[in-house]
Amino acid sequence: MMNDLSALPFAPDQIRGVIFDMDGLLLDSERVALATIAQAAAPMGVEWPYDLGLAMVGLNSRDSDGIIRARLGDDFPVAELRERFGLLYEAEIEAGRIPLKPGVLELFEVLDALGLPRVVATSTRRVRAEPKLAAVGLLDRVHGMVCGDEVARGKPAPDIFLAAAARMALPAADCLVLEDSNAGARGGHAAGARVVMVPDLLEQAADLRDAGVPTLASLGHMAVFLQTRRAVGAGPS
């Protein structure tokens, strides 16, 4: 895990906008989701495989459903599992049991001071993503969202990151993509953005190491890095 900020392959002043993943990066939600889907599967007579949940990290529901069927069979009642999971997971959101990841508030304070725009690019569908960000006080602190149900192809395709950059009226090459998942980092890299991983449940994959995608232990390190950037004025509202 690299925490030598001087080794990052770009300078703070090269970043004109930031694209955040949500689950596992801004929110410490992946562990809650894995426990919840196992809880949802139990009444269906399924002992949920932990590694199956890990294989779904970073993917949208369409692609995740394909992974479930490939593992548990084409006749597995995915819709029933999704319904059970949704009820349990939304109760976790409403109860405030999904906290922020370390360094999030520090980084947002730096972005506010610099006037840098920021957009969330999450595989989660909007109807669930907005309440999650609202529950932790971040929804009003981002300048837009692109959600998994709003792009033709999910991560690791670049679509969601290109749409997020366009939301800020910036080329992807001027944007910093912050991701915890390998699928998301691959998508950001494919979009031509500057990508930094802050791994959560998954270690960085070999192809991303070979591509030179750096990793940091927390978003707090990125706050330290960016705070040396010159202020650029107010971000979009």
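Note that this is a predicted model, so its numbers are computed, not measured.

Asker: Outline unusual backbone geometry, listing residues and values.
Answerer: Trans is the prevailing form of peptide bonds, just as negative phi is the prevailing case for residues other than glycine. Proline 156 follows lysine 155 through a cis peptide bond whose omega is 20°. Backbone geometry places alanine 169, a non-glycine residue, at a positive phi of 55°. Its place among the elements puts alanine 169 in the loop between α7 (159-167) and β4 (175-179).

Asker: Before we move on, can you summarise the packing of aromatic side chains with the specific residues and values?
Answerer: Evaluated as defined, the whole model comprises 3 aromatic pairs. Centroid distance phenylalanine 10 to phenylalanine 225: 5.6 Å. Interplanar angle 85°. Geometry classified as edge-to-face. Separated by 215 residues along the polypeptide, phenylalanine 10 in the segment before β1 (17-20) and phenylalanine 225 in helix α10 (residues 219-226) bring together distant segments of the chain. Relative accessible area serves as the criterion here: at 8%, phenylalanine 225 is assigned to the buried category.

Asker: Tell me what's going on with the layout of surface pockets, and back it up with residues and numbers.
Answerer: Each pocket or cavity is described by its volume, and for the largest pocket that value is around 550 Å³. Taken together, 29 residues line the largest pocket, and the ones lying closest to its centre are Met56, Leu59, Ser64, Arg82 and Thr124. For the lining of the largest pocket, the secondary structure elements donating two or more residues are α1 (30-41), α3 (61-72), α4 (78-94) and α6 (126-135). With 4 residues, α1 is the largest single contributor of residues to the lining of the largest pocket. Among the residues making up the lining of the largest pocket, the classes are represented as 9 nonpolar, 10 polar and 10 charged.

Asker: How would you explain the nonpolar core if you had to name every residue and give the values?
Answerer: Nonpolar side chains in soluble globular proteins generally cluster together in the buried interior. Grouped together as the largest cluster of nonpolar side chains are 52 residues, with contacts concentrated most on Phe20, Leu26, Leu81, Leu107, Leu178, Met222 and Leu226. Breaking this core down by element, the ones donating at least two residues are β1, α1, α4, α5 (104-114), α6, β3 (145-147), β4 and α10. Per-element tally for this core: the top contributor is α5, with 6 residues. Here leucine 178 is in contact with Val18, Ile19, Phe20, Asp21, Leu25, Leu107, Val196, Leu219 and Met222, once residues within four sequence places are set aside. Within the second largest apolar cluster, 21 residues are counted, among which are Ala121, Ala164, Ala172 and Met197.

Asker: Explain the pairing of strand β5 (residues 194-197) residue by residue, including any values.
Answerer: Along any regular strand, the residues point their side chains to alternate faces of the sheet. Relative to β5, β4 runs parallel, the two being bridged by 4 bridges. Opposite leucine 178, over in β5, you have valine 196 as the bridge partner. For the crossover from β4 across helix α8 (residues 182-190) to β5, the handedness is right-handed.

Asker: With reference to specific residues and values, describe the packing of α5 against α10.
Answerer: Closest axis-to-axis distance for the α5/α10 pair is 7 Å, and the angle between their directions is 25°. With respect to α10, the axis of α5 lies roughly parallel. α10 is crossed by α5, and the crossing has left-handed handedness. Contact with α5, carried on its side by Val104, Glu106, Leu107, Val110, Leu111 and Leu114, involves Leu219, Met222, Ala223 and Leu226 of α10 and no other residues of that element. Of the residues in the contact of α5 with α10, the class split is 9 nonpolar, no polar and 1 charged.

Asker: How would you summarise the sheet that holds β5 if you had to cite specific residues and measurements?
Answerer: What the 5 strands build is an open sheet, ordered β3-β2-β1-β4-β5; its pairing is parallel. Across the chains shown, the open sheet's two edge strands, defined by having one partner strand only, are β3 and β5. Direction aside, neighbouring strands of the sheet carry axes that sit 20° apart on average. Pairing analysis gives 3 bridges linking β1 to strand β2 (residues 118-122), with the strands arranged parallel.

What counts and what doesn't
- Residues numbered from 1 in each chain as written.
- Predicted model: local features only at pLDDT ≥ 70, side-chain atom pairs only at ≥ 80, totals over all residues.
- Heavy atoms only, no water.
- Helix = DSSP H or I, 4+ residues; strand = E, 2+ residues; numbered from the N terminus.
- Phe/Tyr/Trp six-rings, centres within 6.5 Å; stacked < 30°, edge-to-face > 60°.
- Buried < 20%, exposed > 50% of the residue type's maximum accessible area, 1.4 Å probe, protein only.
- 1 Å grid on protein atoms, 1.4 Å probe; cavity = no way out; pocket = protein on both sides within 12 Å on 5 of 7 lines; lining within 4 Å.
- Points joined across faces, edges and corners; volume = space filled by probe spheres on them.
- Nonpolar A, V, L, I, M, F, W, Y, C, P; charged D, E, K, R; others polar.
- Core = buried A, V, L, I, M, F, W, Y, C linked by side-chain atoms within 4.5 Å.
- Contact = heavy atoms within 4.5 Å.
- Pairing = 2+ DSSP bridges.
- Right-handed = clockwise from strand over helix to strand, strands pointing away.
- Axes fitted to C-alpha atoms, helices over the stretch in contact; angles between N-to-C directions.
- Parallel < 35°, antiparallel > 145°, perpendicular 65-115°, else oblique.
- Left-handed = near helix turned anticlockwise from the far one by under 90°.

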